[in-house]
Amino acid sequence: MEKQGTILIVDDEQNILNSMRRLFMNHDIEVLTANSSQQAVELLASNKVDFFLCDYRMPDINGIQLLESVKDTYPDMFRAVISGYAEPDAMTYAIGKGTAMAYFKKPWTDYDLVGKVMHVLTTMRQIKDKEIIRIFSSINKLPSIPRIYYELDDAVNSGESIDHIASIFKRDASLTAKILQIGNSVFYSGKGSATLEQAILMIGLNTVKEIVLMYKLSEGLGAGPRIEKELARIFSHGLVLNKAVEHYLVHSGQKYNRQISNTLGVISCIGKIILLSYHPDRYYGTTAFSEGCGLSFEEAETEMGHITDSSAAITCSFLDLYNIPFEILEIILYVGRPEKVSEENRVIAAAYSAMVKIAAALENGESVDDMFIDKCIYGILNKEKLNNTTYIMSEVWNIGK
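The paragraphs below set out a description of the structure included in this document. (Residues numbered from 1 in each chain as written. Predicted model: local features only at pLDDT ≥ 70, side-chain atom pairs only at ≥ 80, totals over all residues. Heavy atoms only, no water.)

**As for the overall build of the protein**
- Scanning the protein for helices and strands turns up 22 helices and five strands.
- Since a compact globule built from 401 residues should have a radius of gyration of about 21 Å, the 22 Å found for the protein is in line with a globular shape.
- Counting only C-alpha atoms and orienting by the principal axes, one finds that the protein spans roughly 65 × 45 × 45 Å.
- Of all 401 residues assigned to the protein, the portion counted as buried reaches 55%.
- In the protein, the share of contacts with a sequence separation of at least 24, taken over all contacts with a separation of at least 6, comes to 67%.
- Accessible surface for the protein amounts to roughly 17800 Å². Of this, 50% is attributable to carbon and sulfur atoms.
- Mean positive and mean negative side-chain charge positions of the protein (39 and 51 charges, respectively) differ by 2 Å. (Helix = DSSP H or I, 4+ residues; strand = E, 2+ residues; numbered from the N terminus. Rg over C-alpha atoms; globule rule 2.2 N^0.38 Å. Buried < 20%, exposed > 50% of the residue type's maximum accessible area, 1.4 Å probe, protein only. Contact = heavy atoms within 4.5 Å. Areas by Shrake-Rupley, 256 points an atom, 1.4 Å probe, with all protein chains shown as cover. Lys, Arg positive; Asp, Glu negative; His and termini not counted. Charge placed at Lys NZ, Arg CZ, Asp CG, Glu CD.)

Listed below in structure tokens is the structure:
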């Protein structure tokens, strides 16, 4: 039987390596082990490794340092760290900077480590599907992450004032106009005149930072003036999803990871932007089909047979190049199928999937009644809270009006 992939496990304790090797014994995966960073580097040089899992605490080097040393050489390899120590700052840094794409805890007997690894391998195969590669081959050059994004990231994380953050925007006239346009269109129905500072606060600091990233990346992808109006519509839709997901989760009382949830709607835009820029016939064809049938763009793609090369899969493939955390990628990839997402993030996935359906229905003038809401619960969400978020979307944010 064909192997599902190869995992390299790095730990300085041989008994742990032996124990982890036994975990994968009955699964279609090749397991390599190394008890030092030097041995790990040698194995990487002579084997194609799909999943690199290293212990955080080792005598010669910590796991984060090891991941940093191999990241540039093996960018397509999934990198994860495992630790039994409470190192939240180190793990947050590693995942935030793209050094690690996931973090697993010891003892692994508390959860299904093998199931998680196999889930990652299955998901990453979809992200790197040959149909996706064909679409990416039409892009002449992938843009780099803009410097202004890092400036904003540092300013937000350092707790700088809103005036300071606004001053960063004001150095870029087109970006300032974009934030004002999005803020006014969503929160004032295009009739208001918010200041830049008000628009930033209404959109949210983390969200506005991701809008900058997506807008600048879209510029780098060649999304020029000819599609400016449609681009603004895509970003406004993404912002609505962002705010709706957060509104539901904040008021739901359910436990969730805000670092994972607070930018989903915005960064999920990139697949549509790529289609709009490089495959406009397909983009506009899908849009027309979705509006005619009262479906979301994602549901329309499924109906039209775009499964492995969906906009969600394109988004995830693109973001994977920039080392966006795996937890975000799988939520976007499995839109409408939250049951396939890792259990700890399933409530976020269900909320995101629900808001995609509800926003599309409101925008298309469809009835969002009790029967419709029942289809959006996925056996996970609270109906009363979901109804409340729907009301906010339609009456306060004026979606579909």
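Having seen the structure, we can now continue with the description.
**Here we look at the sheet that holds strand β4 (residues 78–83)**
- Taken together, five strands build an open sheet; the order of strands is β2-β1-β3-β4-β5 and the sheet is parallel. Taken across any chain shown, the strands that pair with only one partner, and hence form the sheet edges, are β2 (30–34) and β5 (102–105). Averaged over all pairs of adjacent strands, the angle between their axes in this sheet comes to 20°, without regard to strand direction.
- On top of the sheet, helix α2 (residues 37–46) reaches β1 (6–10), β2 and β3 (51–55); it is set at about 145° to β2, its chief contact. (Pairing = 2+ DSSP bridges. Axes fitted to C-alpha atoms, helices over the stretch in contact; angles between N-to-C directions.)

**Some words on the pattern of salt bridges**
- One pass over the structure, following the stated rule, counts 16 salt bridges.
- The salt bridge partner of Lys-272 is Glu-298, with a shortest N-O separation of 3.4 Å. A residue pair is termed long-range when its members are at least 10 positions apart, and Lys-272 in helix α15 (residues 270–278) and Glu-298 in helix α17 (residues 297–303) qualify at 26 residues.
- Looking at Lys-272, the relative accessible area reads 10%, which means it is buried.
- Each of Arg-147, Glu-151 and Arg-171 takes part in a single network of salt bridges with overlapping partners. (Salt bridge = Lys/Arg side-chain N within 4 Å of Asp/Glu carboxyl O.)

**As for the side chain of Thr-263**
- By secondary structure assignment, the location of Thr-263 is in the loop between α13 (258–261) and α14 (264–267).
- Residue Thr-263 is classed as buried on the basis of its relative accessible area, which comes to 6%.
- When near neighbours in sequence (up to four residues on either side) are disregarded, Thr-263 contacts Asn-206, Glu-210 and Asn-242.

**Some points on unusual backbone geometry**
- With a phi close to 60°, Tyr-378 is a non-glycine residue in the positive phi region.
- Assignment of secondary structure puts Tyr-378 in the loop between α21 (370–374) and α22 (383–396).
- Given a relative accessible area of 25%, Tyr-378 falls into the partly exposed group.

**Comments concerning the environment of Lys-243**
- Along the polypeptide, Lys-243 turns up in helix α12 (residues 228–252).
- Using a relative accessible area of 22% as the deciding quantity, one classes Lys-243 as partly exposed.

**Here we look at the packing of α12 against α22**
- Axis separation between α12 and α22 bottoms out at 9 Å; the angle between their running directions is 145°. α12 and α22 meet at a crossing whose hand is right-handed. Note on element contacts: α22 touches α12 through Lys-385, Leu-386, Asn-388, Thr-389, Ile-392 and Met-393, opposite Val-240, Ala-244, His-247, Tyr-248, His-251 and Ser-252.
- Taken together, the residues of the contact of α12 with α22 sort by class into six nonpolar, five polar and one charged. (Left-handed = near helix turned anticlockwise from the far one by under 90°. Nonpolar A, V, L, I, M, F, W, Y, C, P; charged D, E, K, R; others polar.)

**Quick notes on the pairing of β1**
- Burial analysis of β1 places five of its five residues in the buried class, the great majority of the element.
- Along β1, one buried face is formed by Thr-6, Leu-8 and Val-10 and the opposite face, lined by Ile-7 and Ile-9, is buried too.
- Both β1 and β2 contribute to a ladder of five bridges, which runs parallel. Across the sheet, the residue bridging to Ile-9 is Thr-33, located in β2.
- What joins β1 to β2 is helix α1 (residues 14–23), and the crossover it makes is right-handed. (Right-handed = clockwise from strand over helix to strand, strands pointing away.)

**Focus on α15**
- Within α15, eight of the nine residues are buried, which leaves the element mostly enclosed by the surrounding structure.
- Of all the positions in α15, only Ile-270, Gly-271, Lys-272, Ile-273, Ile-274, Leu-275, Leu-276 and Ser-277 are classed as buried.

**What to know about the nonpolar core**
- Counting 116 residues, the largest nonpolar core has Phe-51, Phe-169, Leu-386 and Met-393 as its most contacted members.
- A total of 13 residues in this core trace back to one element, the largest contributor, which is helix α20 (residues 346–363).
- Residues Val-49, Tyr-56, Ile-64 and Ile-95 belong to the second largest nonpolar core, which totals 22 residues. (Core = buried A, V, L, I, M, F, W, Y, C linked by side-chain atoms within 4.5 Å.)

**A closer look at the state of the cysteines**
- Taken as a whole and assessed by the stated rule, the structure comprises zero disulfides.
- Distance from the sulfur of Cys-269, which forms no disulfide, to the nearest cysteine sulfur (Cys-316) is 13 Å.
- Cys-316 gets classed as buried once you look at its relative accessible area, which sits at 0%. (Disulfide = S-S within 2.5 Å.)

**Notes on the packing of aromatic side chains**
- Applying the stated criterion to the full structure yields six aromatic pairs.
- Taking the centre distance of 6.3 Å and the plane angle of 20° together, the rings of Phe-51 and Phe-104 count as stacked. Placement of Phe-51 in strand β3 and of Phe-104 in strand β5 is noted, with a sequence separation of 53 residues between them.
- An aromatic cluster is present here, built from Phe-51, Phe-78, Phe-104 and Phe-326 joined pairwise through their rings. (Phe/Tyr/Trp six-rings, centres within 6.5 Å; stacked < 30°, edge-to-face > 60°.)

**Notes on the packing of helix α11 (residues 205–220) against α12**
- Running from amino to carboxyl end, α11 crosses α12 at an angle of 155°, the nearest separation of the two axes being 11 Å. The orientation of α11 relative to α12 falls into the category roughly antiparallel. α12 is crossed by α11, and the crossing has right-handed handedness. The segment α11 lies against α12, with Thr-207, Ile-211, Met-214, Tyr-215 and Ser-218 engaging Glu-228, Leu-231, Phe-235, Leu-239 and Asn-242.
- Across the contact of α11 with α12, the residue classes tally to six nonpolar, three polar and one charged. (Parallel < 35°, antiparallel > 145°, perpendicular 65-115°, else oblique.)

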